[in-house]
Amino acid sequence: MSQEAADEADRRGGTGRSAVALDEVDRRILDELSRDGRLSIRTLAERVHVSRTNAYARVERLLRDGVITGFSARVAPEAAGLGTSAYIALTIRQNTWREVSAELARVRYVEHVALLSGEHDVLALVRAPDNATLRDVVLDRVQRIAGVLATRSWLVFEEYDGVRSPWG
């Protein structure tokens, strides 16, 4: 997570806090857009049974309120040359989350980072071309970040995305 993203999360109330109440139409819009972010407003409106004007206004509001944070393509890591994936748990020195997360955001192949409660402080998803690159990411980049005390890695053998959107 970048420092800007962390600051934005702080301004919105942080993870786990709902700032915006969503109605059924909003949830259907999120469901449709999470399935296909390239939908036209016209098609979206037809699918959720509202006017184009209403659909457009709702999408604009969801963007403005930070509910929708952007649109992107889902990439198959292996097909894109990233055949080795691992979850890396980090134990960090107390009060270094902001600095550690800012450094992790600059490490190539780190796809996702989360601050946790429990045994480990941070969980990072790393997708690399091969085991040698993964080793370099963990040993040469992540473990050398000031504030990182220890790491533990789990290789991913197989994975899949959930079959349902949480909005549908």
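Rules and cut-offs
- Residues numbered from 1 in each chain as written.
- Predicted model: local features only at pLDDT ≥ 70, side-chain atom pairs only at ≥ 80, totals over all residues.
- Heavy atoms only, no water.
- Helix = DSSP H or I, 4+ residues; strand = E, 2+ residues; numbered from the N terminus.
- Buried < 20%, exposed > 50% of the residue type's maximum accessible area, 1.4 Å probe, protein only.
- Contact = heavy atoms within 4.5 Å.
- Areas by Shrake-Rupley, 256 points an atom, 1.4 Å probe, with all protein chains shown as cover.
- Polar contact = N/O pair within 3.5 Å; in protein donor to acceptor, adjacent residues only side chain to side chain.
- Pairing = 2+ DSSP bridges.
- Axes fitted to C-alpha atoms, helices over the stretch in contact; angles between N-to-C directions.

Caption draft 1: Region of interest: the overall build of the protein. Helix and strand counts for the protein stand at 6 helices and 4 strands. Order of helices (α) and strands (β) in the protein, N terminus to C terminus: α-α-α-α-β-α-β-β-α-β. The buried share of the protein, taken over its 168 residues, is 30%. Pairs at least 24 residues apart make up 69% of the contacts formed inside the protein by residues separated by at least 6 positions. Working note: accessible area of the protein is about 11,200 Å², and carbon and sulfur atoms make up 49% of it.

Caption draft 2: Examining the side chain of Ser85 more closely. Locating Ser85 in the fold gives a position in strand 1 (residues 84-92). Ser85 sits in the buried class, given a relative accessible area of 6%. Here the side chain of Ser85 touches Arg127 through a polar contact of 2.9 Å, side chain to side chain. Contacts of Ser85, omitting those with residues within four sequence positions, involve Val126, Arg127, Trp154, Leu155, Val156 and Glu159.

Caption draft 3: Summary view of the sheet that holds strand 3 (residues 122-128). Here we have 4 strands laid out as an open sheet, ordered 2-3-1-4, and antiparallel in their pairing. One side of each edge strand has no neighbouring strand; the edge strands of this open sheet are strand 2 (110-115) and strand 4 (148-155). Pairwise comparison of adjacent strand axes, ignoring direction, gives a mean angle of 20 degrees for this sheet. As paired strands, strand 2 and strand 3 are joined by 5 bridges and run antiparallel to one another. If you follow Leu115 over to strand 3, its bridge partner there is Val122. Strand contacts of helix 5 (residues 97-104): strand 1, strand 2, strand 3 and strand 4, with the helix running at about 170 degrees to strand 2, the strand carrying the most contacts.

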